[in-house]
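Listed below, chain by chain, are the residues.
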Amino acid sequence: MGERRQVAHGSLLGTGNADPPASLDDRLDGSTLRRAILRPWRLCRKKDPSMTAPLDDPTRTTALATLPAWSLVPGRDALTRTLTFKDFNEAFGFMARVALIAEKQEHHPEWTNIYNTVHLTLSTHDAGGLTHKDITLAQAIDRLAG
(Lines give C-alpha, C1' and ligand atoms only; values in the text may rest on other atoms or scores of the structure.)
Protein backbone atom coordinates (compact mmCIF):
# COMPACT_ATOMS: atom_id res chain seq x y z
CA MET A 1 0.00 0.00 0.00
CA GLY A 2 2.78 2.40 0.89
CA GLU A 3 4.56 1.85 -2.43
CA ARG A 4 1.36 2.52 -4.36
CA ARG A 5 0.83 5.78 -2.49
CA GLN A 6 4.39 6.79 -3.19
CA VAL A 7 4.00 6.20 -6.91
CA ALA A 8 0.70 8.08 -7.04
CA HIS A 9 2.02 11.10 -5.15
CA GLY A 10 5.34 11.01 -6.94
CA SER A 11 3.80 11.03 -10.40
CA LEU A 12 1.05 13.56 -9.74
CA LEU A 13 2.79 15.93 -7.40
CA GLY A 14 6.41 15.70 -8.43
CA THR A 15 7.65 14.27 -5.13
CA GLY A 16 8.97 10.84 -4.21
CA ASN A 17 7.73 11.10 -0.62
CA ALA A 18 5.19 8.60 0.63
CA ASP A 19 3.29 11.40 2.38
CA PRO A 20 1.45 14.06 0.39
CA PRO A 21 2.69 17.65 0.64
CA ALA A 22 1.17 19.81 3.36
CA SER A 23 -0.88 21.62 0.75
CA LEU A 24 -1.76 20.22 -2.65
CA ASP A 25 -1.91 23.81 -3.90
CA ASP A 26 1.86 24.00 -3.27
CA ARG A 27 2.42 21.61 -6.19
CA LEU A 28 -0.53 22.04 -8.58
CA ASP A 29 -3.15 24.66 -9.25
CA GLY A 30 -6.78 23.58 -8.80
CA SER A 31 -7.60 22.77 -12.42
CA THR A 32 -4.39 20.78 -12.95
CA LEU A 33 -5.01 18.88 -9.74
CA ARG A 34 -8.59 18.10 -10.79
CA ARG A 35 -7.37 16.81 -14.17
CA ALA A 36 -4.63 14.77 -12.49
CA ILE A 37 -7.08 13.09 -10.15
CA LEU A 38 -9.78 12.45 -12.76
CA ARG A 39 -7.52 11.57 -15.70
CA PRO A 40 -3.88 11.09 -14.59
CA TRP A 41 -2.79 9.65 -17.96
CA ARG A 42 -3.44 13.02 -19.61
CA LEU A 43 -0.59 14.70 -17.76
CA CYS A 44 2.04 12.74 -19.68
CA ARG A 45 0.30 12.49 -23.08
CA LYS A 46 1.76 14.75 -25.76
CA LYS A 47 -0.68 16.76 -27.85
CA ASP A 48 -0.46 16.53 -31.62
CA PRO A 49 -0.51 20.15 -32.83
CA SER A 50 -1.62 19.10 -36.32
CA MET A 51 -4.94 17.90 -34.86
CA THR A 52 -5.81 21.36 -33.53
CA ALA A 53 -4.58 23.48 -36.44
CA PRO A 54 -7.38 25.03 -38.51
CA LEU A 55 -8.05 23.07 -41.71
CA ASP A 56 -6.76 24.62 -44.91
CA ASP A 57 -9.17 24.81 -47.87
CA PRO A 58 -8.03 21.68 -49.78
CA THR A 59 -8.05 19.57 -46.60
CA ARG A 60 -11.47 20.95 -45.61
CA THR A 61 -12.95 20.13 -49.03
CA THR A 62 -11.57 16.59 -48.97
CA ALA A 63 -12.71 15.99 -45.38
CA LEU A 64 -16.24 17.35 -45.94
CA ALA A 65 -16.65 15.05 -48.94
CA THR A 66 -16.32 12.10 -46.53
CA LEU A 67 -19.12 13.46 -44.31
CA PRO A 68 -22.26 13.72 -46.47
CA ALA A 69 -24.62 13.67 -43.45
CA TRP A 70 -22.99 16.82 -42.02
CA SER A 71 -23.41 20.40 -43.17
CA LEU A 72 -21.60 23.64 -42.51
CA VAL A 73 -23.14 26.04 -40.00
CA PRO A 74 -23.97 29.34 -41.73
CA GLY A 75 -21.80 32.19 -40.43
CA ARG A 76 -19.56 29.89 -38.41
CA ASP A 77 -16.67 27.53 -39.10
CA ALA A 78 -18.47 24.46 -37.72
CA LEU A 79 -20.25 21.26 -38.76
CA THR A 80 -23.73 20.25 -37.74
CA ARG A 81 -25.85 17.13 -37.93
CA THR A 82 -29.29 16.20 -36.60
CA LEU A 83 -30.21 12.60 -35.82
CA THR A 84 -33.66 11.24 -35.04
CA PHE A 85 -34.13 8.03 -33.09
CA LYS A 86 -37.04 5.75 -32.24
CA ASP A 87 -37.44 7.19 -28.74
CA PHE A 88 -35.68 9.04 -25.93
CA ASN A 89 -33.87 5.95 -24.63
CA GLU A 90 -32.31 5.28 -28.01
CA ALA A 91 -31.27 8.93 -28.39
CA PHE A 92 -29.81 9.08 -24.89
CA GLY A 93 -27.97 5.77 -25.39
CA PHE A 94 -26.43 7.18 -28.56
CA MET A 95 -25.33 10.29 -26.67
CA ALA A 96 -23.73 8.13 -23.97
CA ARG A 97 -21.73 6.23 -26.59
CA VAL A 98 -20.65 9.49 -28.26
CA ALA A 99 -19.64 10.85 -24.84
CA LEU A 100 -17.26 7.92 -24.32
CA ILE A 101 -15.63 8.47 -27.70
CA ALA A 102 -15.45 12.24 -27.20
CA GLU A 103 -13.80 11.80 -23.83
CA LYS A 104 -11.23 9.43 -25.29
CA GLN A 105 -10.51 11.87 -28.12
CA GLU A 106 -10.47 14.83 -25.70
CA HIS A 107 -12.87 16.69 -27.98
CA HIS A 108 -16.48 17.30 -27.04
CA PRO A 109 -19.47 18.23 -29.18
CA GLU A 110 -21.95 20.97 -28.62
CA TRP A 111 -25.26 19.17 -28.53
CA THR A 112 -28.87 19.25 -27.50
CA ASN A 113 -31.37 16.48 -27.01
CA ILE A 114 -35.11 16.93 -27.33
CA TYR A 115 -36.93 13.64 -26.80
CA ASN A 116 -35.80 11.47 -29.74
CA THR A 117 -33.72 14.10 -31.56
CA VAL A 118 -30.02 14.88 -31.08
CA HIS A 119 -28.51 18.04 -32.62
CA LEU A 120 -24.70 18.05 -32.82
CA THR A 121 -22.29 20.85 -33.67
CA LEU A 122 -18.55 20.35 -33.98
CA SER A 123 -15.92 23.07 -33.93
CA THR A 124 -12.58 23.46 -32.18
CA HIS A 125 -13.00 26.60 -30.08
CA ASP A 126 -9.27 26.97 -29.32
CA ALA A 127 -8.51 27.02 -33.06
CA GLY A 128 -11.47 29.22 -33.97
CA GLY A 129 -12.97 26.71 -36.38
CA LEU A 130 -12.76 23.28 -37.95
CA THR A 131 -9.76 21.04 -37.28
CA HIS A 132 -8.86 17.39 -37.75
CA LYS A 133 -10.35 16.77 -34.29
CA ASP A 134 -13.78 17.74 -35.61
CA ILE A 135 -13.45 15.54 -38.68
CA THR A 136 -12.25 12.57 -36.61
CA LEU A 137 -15.13 12.93 -34.13
CA ALA A 138 -17.70 13.39 -36.95
CA GLN A 139 -16.46 10.19 -38.61
CA ALA A 140 -16.74 8.30 -35.32
CA ILE A 141 -20.27 9.63 -34.80
CA ASP A 142 -21.21 8.54 -38.32
CA ARG A 143 -19.95 5.01 -37.58
CA LEU A 144 -22.10 4.91 -34.44
CA ALA A 145 -25.16 6.26 -36.18
CA GLY A 146 -24.80 3.68 -38.95
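In this text the structure is predicted, and so the values were computed from the model without any measurement.

Trainee: Is there a simple way to think about the sheet that holds strand 1 (residues 71-72) in this case?
Mentor: Across a sheet, paired strands are connected by hydrogen bonds in the backbone, their directions being either parallel or antiparallel. Overall, antiparallel pairing links the 4 strands, which are arranged 1-2-4-3 in an open sheet. Edge positions in the sheet fall to strand 1 and strand 3 (110-114), since each has one partner strand and no second. Alignment of strand 2 (residues 79-84) against strand 4 (residues 117-122), held across 6 bridges, turns out to be antiparallel. Along strand 4, the bridge assignment pairs Thr80 with Thr121. Sheet strands in contact with helix 5 (residues 132-145) are strand 2 and strand 4, and its direction is about 15° off that of strand 2.

Trainee: Got a minute to help me understand the packing of aromatic side chains in this structure?
Mentor: The geometry of an aromatic ring pair is captured by two quantities: the separation of the ring centres and the angle between the planes. Applying the stated criterion to the full structure yields 2 aromatic pairs. Between Phe85 and Phe94, the ring centres sit 5.0 Å apart and the planes meet at 40°, which makes this aromatic pair tilted. Pair check on accessibility: Phe85 and Phe94 agree, each one buried.

Trainee: How do you make sense of the nonpolar core when you look at a structure like this?
Mentor: For soluble globular proteins, nonpolar side chains are generally found buried alongside one another. Core analysis: the largest hydrophobic core is formed by 20 residues, its most contacted members being Trp70, Leu79, Phe94, Leu120 and Ile141. Of all elements in the fold, only strand 2, helix 4 (88-105), strand 4 and helix 5 reach the threshold of two or more residues within this core. Ranked by residue count, the leading element in this core is helix 4, at 5 residues. For Leu79, the contacting residues outside a window of four places in its chain are Leu64, Leu67, Trp70, Ser71, Leu72, Val73, Leu120, Thr121, Leu122, Leu130, Ile135 and Ala138.

Trainee: What's the story with the pattern of salt bridges in this structure? I'm lost.
Mentor: Any two side chains of opposite charge can pair, so long as their charged atoms come close to each other. According to the stated counting rule, one finds 3 salt bridges in the structure shown. Across the pair Arg76 and Glu110 runs a salt bridge, and its minimum N-O distance is 2.5 Å. Of this pair, Arg76 sits in the loop between strand 1 and strand 2 while Glu110 sits in strand 3, placing them 34 residues apart in sequence. For Arg76, a relative accessible area of 34% corresponds to the partly exposed category. Judged by relative accessible area, which is 29%, Glu110 ranks as partly exposed. Its salt-bridge partner being Arg81, residue Asp142 comes within 2.4 Å of it at the nearest N-O pair. Pair noted here: Asp142 is in helix 5 and Arg81 is in strand 2, with a separation of 61 residues, a long-range link.

Trainee: I tried to follow the pairing of strand 4 on my own but got confused; where do I start?
Mentor: Note on strand geometry: in a regular strand, side chains alternate between the two faces of the sheet. The element strand 4 is extensively covered by neighbouring structure, given that 5 of its 6 residues are classed as buried. Here strand 3 pairs with strand 4 via 5 bridges, running antiparallel. Among the inter-strand pairings, Trp111 is bridged to a residue of strand 4, identified as Leu120.

Trainee: Explain helix 4 to me, please; I cannot follow it from the model alone.
Mentor: One full turn of an α-helix is made of 3.6 residues, so residues set three or four places apart face in the same direction. Taking 1.5 Å per residue as the helical rise, helix 4 with its 18 residues ought to reach 26 Å, and the 25 Å between its terminal C-alpha atoms agrees with that figure. Among the residues making up helix 4, those that are buried are Ala91, Phe94, Met95, Val98 and Ala102. All buried residues of helix 4 project into a common sector of 100° when viewed along the axis, lining one side. Facing away from the buried side of helix 4 by more than 90 degrees, the exposed set consists of Asn89, Leu100 and Lys104. Among the residues of helix 4, the N-terminal cap falls to Asp87, whose side-chain oxygen and the backbone nitrogen of Asn89 are separated by 3.3 Å.

Conventions we followed
- Residues numbered from 1 in each chain as written.
- Predicted model: local features only at pLDDT ≥ 70, side-chain atom pairs only at ≥ 80, totals over all residues.
- Heavy atoms only, no water.
- Pairing = 2+ DSSP bridges.
- Helix = DSSP H or I, 4+ residues; strand = E, 2+ residues; numbered from the N terminus.
- Contact = heavy atoms within 4.5 Å.
- Axes fitted to C-alpha atoms, helices over the stretch in contact; angles between N-to-C directions.
- Phe/Tyr/Trp six-rings, centres within 6.5 Å; stacked < 30°, edge-to-face > 60°.
- Buried < 20%, exposed > 50% of the residue type's maximum accessible area, 1.4 Å probe, protein only.
- Core = buried A, V, L, I, M, F, W, Y, C linked by side-chain atoms within 4.5 Å.
- Salt bridge = Lys/Arg side-chain N within 4 Å of Asp/Glu carboxyl O.
- Expected span 1.5 Å × (residues − 1).
- Arc of directions from axis to C-beta.
- Polar contact = N/O pair within 3.5 Å; in protein donor to acceptor, adjacent residues only side chain to side chain.

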